[in-house]
Amino acid sequence: MKLYEAQEATENGATELDVVMNLGWLKIGKTDAIHREIAEICEETGQTVKVILETNLLTDAEKKLGAEIAMDAGAAFLKTSTGWNGGATVSDVRLLKEVARDRVGIKASGGIRTLEQALDLILAGATRLGTSRGIDLIRGRYNLEKDG
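Residues numbered from 1 in each chain as written. Predicted model: local features only at pLDDT ≥ 70, side-chain atom pairs only at ≥ 80, totals over all residues. Heavy atoms only, no water.

**Student:** Describe the environment of M1, listing the residues and the values that go with them.
**Tutor:** Mapped onto the elements, M1 comes out in the segment before α1 (2–11). For M1, a relative accessible area of 72% translates into the label exposed. On a C-alpha basis, the gap between M1 and K79 in space is 21 Å, while along the polypeptide they are 78 residues apart. (Helix = DSSP H or I, 4+ residues; strand = E, 2+ residues; numbered from the N terminus. Buried < 20%, exposed > 50% of the residue type's maximum accessible area, 1.4 Å probe, protein only.)

Written out as structure tokens, the structure reads:
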């Protein structure tokens, strides 16, 4: 189903895809199935794929394993979360950055509400941010620069 949806999104003009890793499979050790699913999406669509790990629901060992599988399968980015199960943390971004060793981008997503949070995540290694408050963050940056 994920492959079908990814193909349909691509046919409708999407050039980047966010794909949530199957956490149930990760937790029970079905690593081959996870790899196959992500690799098919990457290969069949030819688009930039960001694999969402939902880091708040995983142990550090599961985060590392999930990240390795996603990278091996062709993901262009490791993404912390959808935002539905908690948001990005500095410690998770650092962990993903350490595992990725600059082979893929790191997208911190979910719960980013302040400029300070955004900057901390970037300093920790995030190469992209996913936030519904982008305009507020930009305005906050402008106000900080304007005020001194």
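**Student:** Tell me about the pairing of strand β2 (residues 48–52), and name the residues and values.
**Tutor:** By the criterion of burial, β2 is predominantly enclosed, with four of the five residues buried. Inspection of the sheet shows strand β1 (residues 16–20) paired to β2 by five bridges, in the parallel sense. Paired with V20 across the bridge in β2 is I52. (Pairing = 2+ DSSP bridges.)

**Student:** Can you tell me about the nonpolar core, naming the residues and giving the values?
**Tutor:** The biggest cluster of nonpolar side chains holds 37 residues, and the ones touching the most others in it are M21, I38, V51 and L78. Listing elements by their share of this core, those giving two or more residues are β1, α2 (23–28), α3 (31–45), β2, α4 (60–73), α5 (90–100), β4 (105–109) and α6 (115–124). With residues up to four places along the chain from it excluded, the contact list for V51 reads V19, M21, I38, A70, A75, F77, L78 and K79. (Core = buried A, V, L, I, M, F, W, Y, C linked by side-chain atoms within 4.5 Å. Contact = heavy atoms within 4.5 Å.)

**Student:** Run through α3, naming residues and quoting values.
**Tutor:** When the terminal C-alpha atoms of α3 are compared, their 21 Å separation across 15 residues agrees well with the 21 Å that a helix rising 1.5 Å per residue should span. Within α3 the residues assigned to the buried category are A33, I34, E37, I38, A39, I41, C42 and T45. Where α3 is buried, its residues meet α1, β1, α2, β2 and α4. Downstream of α3 by one or two residues, G46 has phi in the positive range, about 70°. (Expected span 1.5 Å × (residues − 1).)

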